[in-house]
Amino acid sequence: MATPESNAGRQGRHHVGREVVVKVEGLHKYFGRNHVLRGVDLEVHKGEVVVLIGPSGSGKSTFLRCLNFLEDPTSGDITIGGVHVTCGGHGSAFKRAVHDIRMKCGMVFQEFNLFPHKDATENVIEGPILVKGEKKDEAIRRAHDLLTKVGLAERMDYFPSQLSGGQKQRVAIARAMAMDPVLMLFDEPTSALDPELIGEVLKVMKGLADGGMTMIVVSHEMGFSRDVADRVVYMDEGQFIEQGPPSQVFFHPRDERTRRFLRHVLPEKEPEHAAELGITEVGQDLPAPEATPGGAEGS
Amino acid sequence: MKRRAGIASVALMAALLALLVTALTPVALAASPSPAPEGTPVVTGTIPNPKDPKGIKNWAGDRVQVNFKPNGAELDLASCQLFIDGREEQLAKEPFIVPAVSRATSTLEFPLAAKHKAGKYAFKVILVTTDGQHVEYSWDFLSEGEAGSGSLVSVRVMREWFWFIAEGAVVTVELTIISIAFACVFALFGSLGRLSKKMTFKQAWDRYHSWGYMWRMVLGRIPYWVATFYTSLFRGTPLLLQIYAIYMVIPEIIRYFGLPESYNPPPFWAGVAALSLNYGAYLTEVFRAGIQAVPKGQNEAAWAIGLSGWQTQRRIVLPQAFKIVIPAVGNDFIALIKDTSLVSVITVEELLRRSQLAGAATFSFFSTLLVAAAFYWALTIFFSFWQAKLETRMARDKAREREQEKK
């Protein structure tokens, strides 16, 4: 596992602290007989940005949704921001703990999931008013700050149906941030967007990372991972196969499965870097790890 | 604009209520107060009727009817006689008793062999009882013509009975609005009950292996069972049966337990109960479909920002579901307007029953039912229009778009 020290101050963008924000131990999830997560362990430090990659069906979305109990994990232990839950429980104490963990996490979905009957501001203030009991004026003021921060100062009274995909996703990020989470979860936040709209969302996410937010991101945006991630995790068949700094996982993968996955993804997502590595077509093998000099970090 | 529509709706409702009160006020019936000796029939009214409360001046000209209180007597029908202008009238067949409308009075009908045109007539009937009593009754009538016999549809009948039938239309509207309101409440709870089932008992056992959890799950399943039983029962039996059942079975129960008769449901409210329970069962399924049509991601997004299950339903899911179900509820509303006609069988004087009564009094069902049909049609058109308005109003995002375009 990558230690925070080895990444701290990498390129000097943001600081990864020693404090452990997320600790997951032995997480298992079954859908009926289907064993989707097979004992996952993860530790994330304050300010760290972790990117999960892997083929579809590998369990990365399920893992993310287990962290705030949108899926109920079958067994394992989750601690986020000091709140600990032993999975597989029931009853009111368990429900309270789940609620507390959800309060620590902000989640951004692939399909935005904005509330269509509420305008941008109303989407953002819903949680603070109902859950935290904030005063409406105060909540609106903070919502306007957040929407300005994500570049939507002009669109605060627009309904989701009047916004582009990128704008919707930025409202969704503001809505999650309004709950003051210690951890932000991004479930393929740019997969449903037109290519020309991806940049604006990634820019906001990068801003969050630079601001010291702890983030776990499921995404195949290699460029984003290379620039922002402290750690990339390759996941397959419900397990973490390989993890490390982006330079290592992307360009010098040790595991055969990671290599096989990347040589399908790289030419499409990152043609420049694929070309750098001498890959021109999908499915072409990566150069062997020892054949490429180390430290080929992205700019 | 919005406010004016609101005021208009309130004014409309007030007018309807005022008319309802008028409609429900019992019409003072002219009843003969003089006590008659046992065994002597007493004539209480006639058709044609010179003292008609509505001032009706026409007569079909092909029959004469006499309403009377039998007072225990039985008529010797073959001996009863009718005289018009002093001459005994030729009959098409023997006089007969019209199948009973009420038990208190009977109606004797003389079918005439010839039709009578407009003009002034002097009538005299002699009722003969089986034990030889003779009761004479005479009256004059100035007929302005033949209602219902001259032409198929009589504009005069329609005009004269319009307000009588219109009062029935007010009762119909009241029945519809009150019933749909209750039906929506039943449907809301019914649909939440129907959707309260999260997993099967087997899944729960496999997951938790806890008897305490299973017991709580049994308790938590009760709303689902109740809602399922409710929709199954009320969708599985005819509405007409339910109307009869509520109107007639409840008094039987009350009698069985020796409770005062004042607990018996009034016909109007028995009708409301049957209609709202029946439509509530159908709307339960509509609401359930509407709630399920809200994407699952909406629930997840609400949970992710910490909303509780009930907050999620109330603030996020139900408002969206409500918008989805408006067309279906509007459809049921329009069906309900017409199904209120079924409560005419339990003596509620709504639109259909009023038009039947008017038809019976004028022998021109074509005219009076035509008026009723026009009312029903007008009501459905009116409410479809308001449904469309409501749909536009609910589309808040589109409204905001229009505002922003104006700027």
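Residues numbered from 1 in each chain as written. Chains lettered and ligands numbered in written order. Predicted model: local features only at pLDDT ≥ 70, side-chain atom pairs only at ≥ 80, totals over all residues. Heavy atoms only, no water.

### Here we look at helix α5 (residues 136–149) of chain A
Residue and element names in this part refer to chain A.
At step 1: Along its 14 residues, α5 runs 20 Å from first to last C-alpha, staying within 8% of the 20 Å computed at 1.5 Å per residue.
At step 2: Every buried residue of α5 is listed here: A139, R142, A143, L146 and L147. All buried residues of α5 fall inside an arc of 140° around its axis, so they share one side.
At step 3: For α5, the secondary structure elements touched by its buried residues are α4 (120–130) and α6 (165–177).
At step 4: Looking one or two residues past α5, G151 carries a phi angle of roughly 80°, positive in sign. (Helix = DSSP H or I, 4+ residues; strand = E, 2+ residues; numbered from the N terminus. Expected span 1.5 Å × (residues − 1). Buried < 20%, exposed > 50% of the residue type's maximum accessible area, 1.4 Å probe, protein only. Arc of directions from axis to C-beta. Contact = heavy atoms within 4.5 Å.)

### Observations concerning the interface of chain A and chain B
At step 1: Taken together, the contacts link 33 residues of chain A with 29 residues of chain B.
At step 2: Both faces combined, the contact of chain A with chain B buries some 2,600 Å², and carbon together with sulfur accounts for 52% of it.
At step 3: Counting across the chain A and chain B interface gives 2 salt bridges.
At step 4: Put simply, E126 of chain A and R315 of chain B hold a salt bridge, and the shortest N to O gap is 2.7 Å.
At step 5: Scanning the region where chain A abuts chain B turns up 9 residue pairs in polar contact (both at pLDDT 80 or more).
At step 6: Within the residue set of the side of chain A that touches chain B, elements represented by two or more residues are α3 (92–104), β6 (105–108) and α4 of chain A. (Buried area = accessible area lost by both parts, 1.4 Å probe. Salt bridge = Lys/Arg side-chain N within 4 Å of Asp/Glu carboxyl O. Polar contact = N/O pair within 3.5 Å; in protein donor to acceptor, adjacent residues only side chain to side chain.)

### Thoughts on the sheet that holds strand β9 (residues 231–236) of chain A
Residues and elements named next belong to chain A.
At step 1: Strands sit in the order β6-β7-β8-β3-β9-β10 across an open sheet of 6 strands; the sheet is mixed. Edge positions in the sheet fall to β6 and β10 (239–244), since each has one partner strand and no second. Adjacent strand axes in the sheet meet at a mean angle of 20°, parallel and antiparallel pairs treated alike.
At step 2: Pairing analysis gives 4 bridges linking β6 to strand β7 (residues 183–187), with the strands arranged parallel. Bridge pairing in β7 links V108 to F186.
At step 3: This element, helix α2 (residues 60–67), spans β3 (49–53), β6, β7, β8 (214–218), β9 and β10 of the sheet and lies at about 150° to β7.
At step 4: Running over the sheet, helix α7 (residues 195–210) touches β3, β7 and β8 and is turned about 145° from β8. (Pairing = 2+ DSSP bridges. Axes fitted to C-alpha atoms, helices over the stretch in contact; angles between N-to-C directions.)

### What to know about the packing of aromatic side chains
At step 1: Counted under the stated rule, the structure contains 22 aromatic pairs over all chains.
At step 2: Arranged with centres 5.3 Å apart and planes meeting at 40°, the rings of Y234 of chain A and F261 of chain A form a pair that is tilted. Of this pair, Y234 of chain A sits in strand β9 while F261 of chain A sits in helix α10 (residues 256–269); the two residues are 27 residues apart in sequence, bridging distant segments of the chain.
At step 3: Relative to W211 of chain B, the ring of W205 of chain B has its centre 4.9 Å away and its plane inclined at 45°; by these criteria the two rings are tilted.
At step 4: Classification of W205 of chain B by relative accessible area gives partly exposed; the value is 29%.
At step 5: The class of W211 of chain B is exposed, set by a relative accessible area of 67%.
At step 6: By the ring-pair criterion, three or more aromatic residues cluster together here, those being W59, Y121, F123, Y137 and W139 of chain B.
At step 7: Over the aromatic face of Y224 of chain B sits the side chain of R221 of chain B, whose NZ or CZ is 6.0 Å from the ring centroid. (Phe/Tyr/Trp six-rings, centres within 6.5 Å; stacked < 30°, edge-to-face > 60°. Lys NZ or Arg CZ within 6 Å of the ring centre and 35° of its normal.)

### As for the confidence of the model for chain B
Residue and element names in this part refer to chain B.
At step 1: Looking at chain B, the pLDDT average stands at 85 and 88% of residues meet or exceed 70.
At step 2: No element of chain B has a lower mean pLDDT than helix α1 (residues 2–24), which averages 56, and none a higher one than helix α6 (residues 267–293), which averages 96.
At step 3: Here residues 22–33 scores under 50 on pLDDT; set against residues more than four positions off or in separate chains, the count is 4 contacts. (pLDDT = per-residue confidence, 0-100.)

### Let's talk about the nonpolar core
At step 1: Counting residues in each nonpolar core, the largest one holds 54 residues, and the members touching the most others are L147, I173, M184, F186, M205 and M215 of chain A.
At step 2: Among the nonpolar cores identified, the runner-up in size contains 44 residues, and V21, L70, I80 and M235 of chain A belong to it. (Core = buried A, V, L, I, M, F, W, Y, C linked by side-chain atoms within 4.5 Å.)

### Focus: the confidence of the model for chain A
All names here are of chain A.
At step 1: Of all residues in chain A, 87% attain a pLDDT of 70 or more, and the chain-wide mean is 87.
At step 2: Looking at the elements of chain A, mean pLDDT is at its lowest for helix α1 (residues 4–7), recorded as 44, and at its highest for β7, recorded as 96.
At step 3: Contacts from residues 1–10, a stretch scored under 50 in pLDDT, to residues over four places away or in other chains number 19 contacts.
At step 4: Long-range and interchain partners of residues 290–299, a stretch whose pLDDT sits below 50, account for 14 contacts in this model, where long-range means more than four residues apart.

### Let's talk about the packing of helix α4 (residues 211–236) of chain B against α6 of chain B
Residues and elements named next belong to chain B.
At step 1: Closest axis-to-axis distance for the α4/α6 pair is 9 Å, and the angle between their directions is 120°. Comparing their axes, α6 and α4 come out oblique. For α4 against α6, the interelement crossing comes out left-handed. In this structure, α4 contributes Y230, T231, F234 and R235 to the contact, and α6 contributes S276, L277, N278, G280, A281, Y282, T284 and E285.
At step 2: A class-by-class count of the residues in the contact of α4 with α6 yields 5 nonpolar, 5 polar and 2 charged. (Parallel < 35°, antiparallel > 145°, perpendicular 65-115°, else oblique. Left-handed = near helix turned anticlockwise from the far one by under 90°. Nonpolar A, V, L, I, M, F, W, Y, C, P; charged D, E, K, R; others polar.)

### Some thoughts on the pairing of strand β1 (residues 20–31) of chain A
Residues and elements named next belong to chain A.
At step 1: Judged from the 9 bridges that link them, β1 and strand β2 (residues 34–45) form a sheet pairing that is antiparallel. Residue pairing across strands places V20 opposite H45, the latter belonging to β2.
At step 2: Taking the residues between adjacent antiparallel strands as the criterion, β1 and β2 are bridged by 2 residues, where G32 takes a positive phi near 65°.
At step 3: Where β1 meets strand β4 (residues 75–80), 5 bridges bridge the pair, whose relative direction is antiparallel. Across the sheet, H28 pairs through a bridge with S75, a residue of β4.

### Remarks on the pattern of salt bridges
Side chains that carry opposite charge are capable of pairing whenever their charged atoms lie near each other.
At step 1: Scanning the entire structure with this criterion turns up 26 salt bridges over all chains.
At step 2: Between R288 of chain B and E285 of chain B there is a salt bridge, and its shortest N-O distance comes to 2.8 Å. Taken together, the residues R288 of chain B and E285 of chain B, both in helix α6 and 3 residues apart, mark about one turn of the helix.
At step 3: Since its relative accessible area comes to 12%, E285 of chain B is described here as buried.
At step 4: Residues joined in a network through salt bridges with shared partners are R65 and E71 of chain A together with K296 and E300 of chain B.

### Here we look at the packing of helix α2 (residues 155–194) of chain B against α4 of chain B
Residues and elements named next belong to chain B.
At step 1: Put simply, α2 and α4 touch, their axes get as near as 7 Å, and they point 125° apart. Judged on the interaxial angle alone, α4 and α2 are oblique. For the crossing formed where α2 meets α4, the hand is left-handed. Mapping the contact onto sequence places F186, G190, G193 and R194 in α2 and P223, Y224, A227, T228, Y230 and T231 in α4.
At step 2: Here the residues of the contact of α2 with α4 sort into 5 nonpolar, 4 polar and 1 charged.

### Remarks on unusual backbone geometry
At step 1: Going from I47 of chain B to P48 of chain B, the amide bond is cis rather than trans, its omega being 0°.
At step 2: Within the secondary structure layout, P48 of chain B lies in the loop between β1 (42–47) and β2 (63–69).
At step 3: Positive phi, normally seen in glycine, also occurs at N113 of chain A, with a value near 55°.
At step 4: Along the chain, N113 of chain A turns up in the loop between β6 and α4.

### Observations regarding the environment of L266 of chain A
Residues and elements named next belong to chain A.
At step 1: Structurally, L266 can be placed in helix α10.
At step 2: By relative accessible area, L266 is classed as buried at 0%.
At step 3: Placed 222 residues apart in sequence, L266 and V44 show a C-alpha to C-alpha distance of 26 Å.

### Focus on the sheet that holds β1 of chain B
All names here are of chain B.
At step 1: Taken in spatial order, the 4 strands line up as β1-β2-β6-β5 in an open sheet, and their pairing is antiparallel. For this open sheet the edge positions go to β1 and β5 (96–97), each flanked by a neighbour on one side alone.
At step 2: Sheet topology note: the β1/β2 ladder contains 5 bridges and is antiparallel. Across the sheet, residue V43 finds its bridge partner in β2, namely F68.

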